[in-house]
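The primary structure of each chain is shown beneath.
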4 protein chains.
Amino acid sequence: MSKLWGGRFSKKTQPVVEKFTKSIHYDQRLLEYDCWGSLIHVNILKKAGLLSVAESTKLIKGIKEILEEYSGKKIDDKYEDIHTFVQNTLENKKGLGKIALKLHTCRSRNDQIVFDMKSYCKTKSLELSNLFFDLCKVLLNLAEENIDIQMPGYTHLQRAMPIKLSEYLLAYNEMFKSDALRLQNYEINIKLTMGAGALAGTFIESKQYNFAAKLYLSESKTIVKPTDNAIYTVSDRDFIIEFLSILSISGMHLSRLAEDFVLWSTKEFDYIDIDESFCTGSSLMPQKKNPDVMELIRGYSGRVYGNLINVLVMMKGLPLSYNRDMQLDKEPLFDSIDVIGNSLSVLKELLLNVEFKKENMQAQLNDETLYATDIADYLVREEGVPFKQAHTIIGKLISEKLKTGKPILEMELEELKKFHEGLTPNVLRKIINSKFSVDSKRSVKKK
Amino acid sequence: MSKLWGGRFSKKTQPVVEKFTKSIHYDQRLLEYDCWGSLIHVNILKKAGLLSVAESTKLIKGIKEILEEYSGKKIDDKYEDIHTFVQNTLENKKGLGKIALKLHTCRSRNDQIVFDMKSYCKTKSLELSNLFFDLCKVLLNLAEENIDIQMPGYTHLQRAMPIKLSEYLLAYNEMFKSDALRLQNYEINIKLTMGAGALAGTFIESKQYNFAAKLYLSESKTIVKPTDNAIYTVSDRDFIIEFLSILSISGMHLSRLAEDFVLWSTKEFDYIDIDESFCTGSSLMPQKKNPDVMELIRGYSGRVYGNLINVLVMMKGLPLSYNRDMQLDKEPLFDSIDVIGNSLSVLKELLLNVEFKKENMQAQLNDETLYATDIADYLVREEGVPFKQAHTIIGKLISEKLKTGKPILEMELEELKKFHEGLTPNVLRKIINSKFSVDSKRSVKKK
Amino acid sequence: MSKLWGGRFSKKTQPVVEKFTKSIHYDQRLLEYDCWGSLIHVNILKKAGLLSVAESTKLIKGIKEILEEYSGKKIDDKYEDIHTFVQNTLENKKGLGKIALKLHTCRSRNDQIVFDMKSYCKTKSLELSNLFFDLCKVLLNLAEENIDIQMPGYTHLQRAMPIKLSEYLLAYNEMFKSDALRLQNYEINIKLTMGAGALAGTFIESKQYNFAAKLYLSESKTIVKPTDNAIYTVSDRDFIIEFLSILSISGMHLSRLAEDFVLWSTKEFDYIDIDESFCTGSSLMPQKKNPDVMELIRGYSGRVYGNLINVLVMMKGLPLSYNRDMQLDKEPLFDSIDVIGNSLSVLKELLLNVEFKKENMQAQLNDETLYATDIADYLVREEGVPFKQAHTIIGKLISEKLKTGKPILEMELEELKKFHEGLTPNVLRKIINSKFSVDSKRSVKKK
Amino acid sequence: MSKLWGGRFSKKTQPVVEKFTKSIHYDQRLLEYDCWGSLIHVNILKKAGLLSVAESTKLIKGIKEILEEYSGKKIDDKYEDIHTFVQNTLENKKGLGKIALKLHTCRSRNDQIVFDMKSYCKTKSLELSNLFFDLCKVLLNLAEENIDIQMPGYTHLQRAMPIKLSEYLLAYNEMFKSDALRLQNYEINIKLTMGAGALAGTFIESKQYNFAAKLYLSESKTIVKPTDNAIYTVSDRDFIIEFLSILSISGMHLSRLAEDFVLWSTKEFDYIDIDESFCTGSSLMPQKKNPDVMELIRGYSGRVYGNLINVLVMMKGLPLSYNRDMQLDKEPLFDSIDVIGNSLSVLKELLLNVEFKKENMQAQLNDETLYATDIADYLVREEGVPFKQAHTIIGKLISEKLKTGKPILEMELEELKKFHEGLTPNVLRKIINSKFSVDSKRSVKKK
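Residues numbered from 1 in each chain as written. Chains lettered and ligands numbered in written order. Predicted model: local features only at pLDDT ≥ 70, side-chain atom pairs only at ≥ 80, totals over all residues. Heavy atoms only, no water.

## Some remarks on the relation of the copies chain A and chain B
- The transform that puts chain A on chain B rotates by 180 degrees and translates by 0.0 Å along the axis, for an RMSD of 0.0 Å. Both copies of the chain, as the preceding transformation shows, are related through a two-fold rotation axis. Minimal C-alpha separation from the rotation axis in chain A is found for Ser245(A), amounting to 3.2 Å.
- Interface overlap between copies is the fraction of interface residues in one copy that are interface residues in the other; for chain A against chain B it reaches 99%, indicating a shared surface. (Least-squares fit on C-alpha atoms with pLDDT ≥ 70 in both. Contact = heavy atoms within 4.5 Å.)

## Considerations on the interface of chain D and chain C
- Contact with chain D, which involves 105 residues of that partner, is made by 105 residues of chain C.
- With both sides pooled, the region where chain D packs onto chain C buries about 8700 Å², and carbon together with sulfur makes up 63% of that total.
- Ranking the residues of chain D by area buried against chain C places Phe203(D), Leu320(D) and Lys388(D) at the top, with a combined share of 9%.
- Taken together, chain D and chain C are joined by eight salt bridges.
- Note that Arg182(C) and Glu242(D) form a salt bridge whose closest N and O atoms lie 3.2 Å from each other.
- Where chain D touches chain C, the interface holds 44 residue pairs in polar contact (both at pLDDT 80 or more).
- Here the side of chain D that touches chain C takes 13 residues from helix H10 (residues 238-264) of chain D, the largest share from any one element.
- For the side of chain D that touches chain C, the class distribution of residues is 46 nonpolar, 33 polar and 26 charged. (Buried area = accessible area lost by both parts, 1.4 Å probe. Salt bridge = Lys/Arg side-chain N within 4 Å of Asp/Glu carboxyl O. Polar contact = N/O pair within 3.5 Å; in protein donor to acceptor, adjacent residues only side chain to side chain. Helix = DSSP H or I, 4+ residues; strand = E, 2+ residues; numbered from the N terminus. Nonpolar A, V, L, I, M, F, W, Y, C, P; charged D, E, K, R; others polar.)

## Re the sheet that holds strand S5 (residues 223-226) of chain C
Residues and elements named next belong to chain C.
- Spatially, three strands are ordered S3-S5-S4 in an open sheet, and the strand pairing comes out mixed. Two strands lie at the open edges of the sheet, namely strand S3 (192-194) and strand S4 (211-212), each paired on one side alone.
- Alignment of S3 against S5, held across three bridges, turns out to be parallel. Bridge pairing in S5 places Thr193 opposite Lys225.
- Here helix H3 (residues 31-47) sits on the sheet in contact with S3, S4 and S5, set at roughly 45 degrees to S3. (Pairing = 2+ DSSP bridges. Axes fitted to C-alpha atoms, helices over the stretch in contact; angles between N-to-C directions.)

## Remarks on the side chain of Asn290(B)
- Residue position: Asn290(B) is located in the loop between strand S6 (272-274) and helix H11 (292-315).
- Residues in contact with Asn290(B), not counting those within four places in the same chain, are Cys279(B), Thr280(B), Gly281(B), Glu295(B), Thr155(D), His156(D) and Gln158(D).

## Focus: the sheet that holds strand S3 (residues 192-194) of chain D
Residues and elements named next belong to chain D.
- Ordered in space as S3-S5-S4, the three strands form an open sheet in which the pairing is mixed. Two strands bound the open sheet, and with one partner strand each, they are S3 and strand S4 (211-212).
- Seen against the sheet, helix H7 (residues 109-145) touches S3 and strand S5 (223-226) and runs at an angle of roughly 165 degrees to S3.

## Considerations on the pairing of strand S1 (residues 150-155) of chain C
All names here are of chain C.
- The element S1 is largely enclosed, with a buried count of six among its six residues.
- Relative to strand S2 (residues 158-164), S1 is paired through five bridges, and the arrangement is antiparallel. Residue pairing for S2: Met151 is matched across the bridge by Ile163.
- Between the antiparallel neighbours S1 and S2 lie two residues, among them His156 with a positive phi of about 55 degrees. (Buried < 20%, exposed > 50% of the residue type's maximum accessible area, 1.4 Å probe, protein only.)

## Some thoughts on the relation of the copies chain D and chain C
- Overlay of chain D on chain C (RMSD 0.0 Å): rotation 180 degrees, translation along the axis 0.0 Å.
- A share of 100% of interface residues in chain D that are also interface residues in chain C marks the association as one of identical surfaces.

## Considerations on the side chain of Glu276(B)
- Structurally, Glu276(B) is set in the loop between S6 and H11.
- Classification of Glu276(B) as buried rests on a relative accessible area of 15%.
- Separated by 2.4 Å, the side chain of Glu276(B) and the backbone nitrogen of Ser10(C) make a polar contact.
- Non-local contacts of Glu276(B), meaning those with residues more than four positions away in its chain, are made with Lys289(B), Arg8(C), Phe9(C), Ser10(C) and Lys11(C).

## Details of the interface of chain A and chain B
- On the side of chain B, 104 residues touch chain A, which itself brings 105 residues to the contact.
- Together chain A and chain B conceal approximately 8700 Å² of surface at their shared face, both sides included; 63% is due to carbon and sulfur atoms.
- When the area that chain A buries against chain B is broken down by residue, the three leading residues are Phe203(A), Leu320(A) and Lys388(A), summing to 9%.
- Counting across the chain A and chain B interface gives 44 residue pairs in polar contact (both at pLDDT 80 or more).
- At 13 residues, the largest contribution of residues to the side of chain A that touches chain B is made by helix H10 (residues 238-264) of chain A.
- Partitioned by chemical class, the residues of the side of chain A that touches chain B number 46 nonpolar, 33 polar and 26 charged.

None of this, on its own, says anything about what the molecule does.
What follows is the structure in structure tokens.
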């Protein structure tokens, strides 16, 4: 390997230092973006008269060959970083040796890595956004397929009121839609720039850095612009932290769905059956069928939170402009992207293989306490009782029921009257009904 | 105090439990927002025929009196929470007792607190955004006032190239502008809704929840809409986490400026003088003048990170829908808002009282190594040397200078020729000049 | 207020700076420890000949008066910090004015605050340790009282094997015992020192700093020693982070117990009844009885994690020795101590008011799949089947049962033989029995 | 691969699920510990009569062969986890097929992984502890070699008082010694147990689990005991979090040393020269020599903090006993161990190649303000001025010096008298002397 620096050094770098400082084992993931940036830079150098047409043509051919040969391949760890790998490989190409030495004109890795990472983040945020939208589609389908299932809704994990299963699934749809939209907005706000140099800009005129970029990663159709403030460009890692923040919220959302599904697949709730091809067993207990996938998804929230904190801490208190600490932004970002991406992929498949146990859900709706609010509402609407008073009345009715163990629907008119005159067996029979209950909620009828 | 619940309970809540669960000592900060929401709710109940015109007029008057009497006042800790305080106070108003009992019709604190907090977040994010814009103005002024100061730019905290002090200040301007814009976008994306009830919606028709809200907090001119999904509404705290994420990035930005200013006010750098009215001394060492304000601003990054993690953790793995854990979102949010707000206020004043020591900055520009890149660039532009080769040549020149201790500007033509023929004393005299250097950077000329 | 510094300053500190930098609103909690340290310091100054006997007697009297007058009282926010308050109050005492000016001889707040905080941490860690031991006692009692209750044990929240409820409760006992022991070890390892000065030590001889300290906080019986390394002493906040780390683990433990109790108090599990005086209700739903205390305890894990990260971040990358950032160690520490202390207090009371529903637990033990491992073990022990083979055999038996819906205990000999010859109705009747199952586990019989 | 479970399953696990749930790519690091545990388990089974002598001899031979063949080798990713790999490999050994099926008798991976991880943590904590002690030795040597260098000590990064460089280095020695001791105490407190089974214990008698373990990892000489509470054992990950907490403090310590060394290697401080074989250069700026190693060490603090939070979050709110989330404890732990281990190794080498620039340090000691405290102390000791008064007097002297620019040592007796009669040129010449200053600090003289 030949370094991108070193003329001033008389000693060789210590092997332990080379190992400690290198990043090739993780930044090789940026190969495409680095090559793409180099293609643009070649064009800029050509426009600026720093490369001849012939030179630039050769360089572009060389870079494209590297792309073709190494995309998706494991790259040898002997290089310091991905920039060095690309530069070295170019230099070793027949006929490119001398021309390649010109590639680093007006260019610093400080600026280059920002370009690479921003391109990468744009691409990956869109990919993940699409995965979230896919998941939303699955949830919407499930909601539609199960539109007629009612179940107990929970607050504080205590039964609250009857709801539709579909509303429940659509709540998760809202969450994941917000994740998708957050990622989309994020992507739009990342602006690709060039020309920052190490921190002070370069001698090429700013207009040369205006570039409609459709060279390699054709789907992004982005434009590149000269940076407004070179110091800021090389000092900034906000775009990494923003991505990690978004993924932390996503990780939290996923952990909640996972928790619900773990609960629902217990014998005690027994609301769903996760297909056994998505479960694992125990080495000791032959009967076990465990919802491991959901548990791991839940547990990975720790990972994405940890990665967020990692980069926030790394950036804390760094003086301007670039500091080497900032190299450590990559592993946590890559990891969070992988973790969320993998979770979404497996979750989508799992959801397509979940059975909702309608009978079990429906059976729980016999719990009369679920209708307490509906009864209070009745007193408000039909009997003109102020709500807070109705709340107390029904609270006492429930208390009586729990004390005596007698179902409300078996209470006589006489007994009911003690609570309020408007409460009759007939009225209660109408109200204590899950379909009646969910149909009476009209504040949120969208469709 | 009379609770908003309790009919079903036959025992009194344990005092230790009341103390442990209450939130009035911190959620009293929401008084205005809670009253404002109640004013809207009264109008909705009126439109829905659940309150007469006379009743609603009385309630509105009562709520406005509370606003007038208690805004900005300390509220007694005996109440469970701010909702209970408002409700109790209304009930105790002459002639309102019975009407007030109707206020909680079709309303749950689960929905109410989301409305309150979203209104609060909208208001506070705009306030903070303005503080960031104020800070930007100060930085822009400082940049302009000091437009002709050059100084060494740093990477790895090692001297890199000459830059303008103004570029440095403008880098921070970019950071804080991004903070301000992030807050603005955040504010726009928070949508106020009503009608979620506890989690299942209410029996009032959705159209009644459409409301152009200009009742109390007139500056926000927001509209209120019925929720799309009631379960989601009461389960969601993304808007808290998003706010905390933004403030974490801000805290990081502030820590970096603080670090730079702490460094610059050392005797060793000696680039700035912070006015002594912004410094403190030592109880032991009579000579000390310490940049405490900057240190505290730097240290507060820990606080805002911690608050972010706090809420992320609290939300991890919570099943839908509302859980009481979610009450704990408030203290960390309030704290981060305070910490960043206070930091911005004091920082703005401090910046107006900083003196940049032009002579000291300028003196450091005699360091010839700062011009190494400029000399290499010269070889590229005027002598056609490929950059990487030029880099090596100048690296060796620097190495020689360091070894012999001889300034480059004192080297004879003969000595210089050993490195490259194009290097002459005349040429170097032109290049080793900070004004020449910063003027030659044309990639980022905006203005 | 008269500052402890300022001779060198010609301008008054800006009010916004005074407000931003002061700590009296939270460090007043250290009053006792600061006074205690001052009492020791007076004795040291006396021993060193820097105070006369008469002077020291007066100062000690004055300090003790402050202790008496202000312990547990709210202290006026006008002072900069607790040290300034004590010093000012002393100076204003009749006849002490001039003598009090000598108190700060050979003393720096850098050293003083370390002493105060270490004393505070010693005291508080022991207090919390005792609260954990109290909780353990409650758990041990509950385990004993419920020694004959069996219930399903869970892994992955799926029913695994029959266990004793007592074993479950004792698992939490182990956790909280480990918390208590961690705190005890922590306390022992904090060594109190004096004599660091600002960072360089003082001119008083080290032997004078050896002091058996039983002056004020008599229960701690600690000795004070001269510091080994003054720079280290004033730079170090490990003892804060260690405390916060321990409390984070405790917070995690508490969140797990809380989660279990939230689950167990659902209608679906219905294993416990939390006394209603420890629950709260809903403002909308009259029937609700929510386990809010457990939810808040669970949610507070976020708080203690956040406080830990806060201080870790604040300390990151600080150059030696003391930096003002370090003032921000106090609020997070105080908060974590309060949060855990309050949680323990309320949890202890709650546990004394929980009813374990034996019948419900016992009813679940009819689930035959709970005994799968026991049946496999039988094949190993009595039939010599290699375990892994037995595991497969019983896995198939369970699979058959689930497919056909036929209870194992109703299967005929013929059917059973298909799986293994050793499986007979008689044998199975003996094995499928929760008492038999828990009794056969002999690896962990302690008592 | 043949799974350790599956008899009950009629469908094959989805490939996407296998990929998502497997851990072999990281838990293969536990090979030695897993084999070691298996060797012990074989002996326990033999003692319990569940394996014959011949069977156990064969199994032991087989396990030892695996150890020999695979230690330190990359293991194929096709296995689910390390336990499955060992089991499968055993089963495939000639003549072991049937015997190997008995190995999982009375054994669950829940218990096994705890044993493996505890053994691993014991080993690694001792290794790291030794690395810290090594670093301490280097620091002690450096302190001794540079015993006669004085330099300015800093608080708030402002010059405070003269100190010895050795005291500074020894402050770091104290920090790293505390890290080493914390690791040692940690190691001692990890107790190895067996016999927990999945969560309920096993049918083997507890006494069989008493085992003096010197089989494989001979240096640890640990004893194995039966677990006190099986549920606790399989539910507990405190030992992981404790390790991560210790390493977070270490990471913080390292970040502070790194910060100091980054500062000291600036041109502005210029106190040290890091050998260029430990530095790297810039691809753009030929003159750069950057302290990258120190920057990366500083930045890695984010990594270890993030890993700690990761596991804390993962464990939050998990019901007892084992949940699959807990598998995610490994990657963060392994990563923190690697990061700290590598940092220590490279730091030790770097320290051996640092030159302390005595002249530059000494030159800064001409700064007269460094002696302000010494002059105040003089007034206290020799002139009987109360310290706080002396502090004010010298504060004014410093103020005068700064205003007029006149060195104190050039002030005439007349001028000095205005501040205090005791201040004479002669006296000041004696005091304003760095050797005099450091020698007068007698509070911390250890040696």
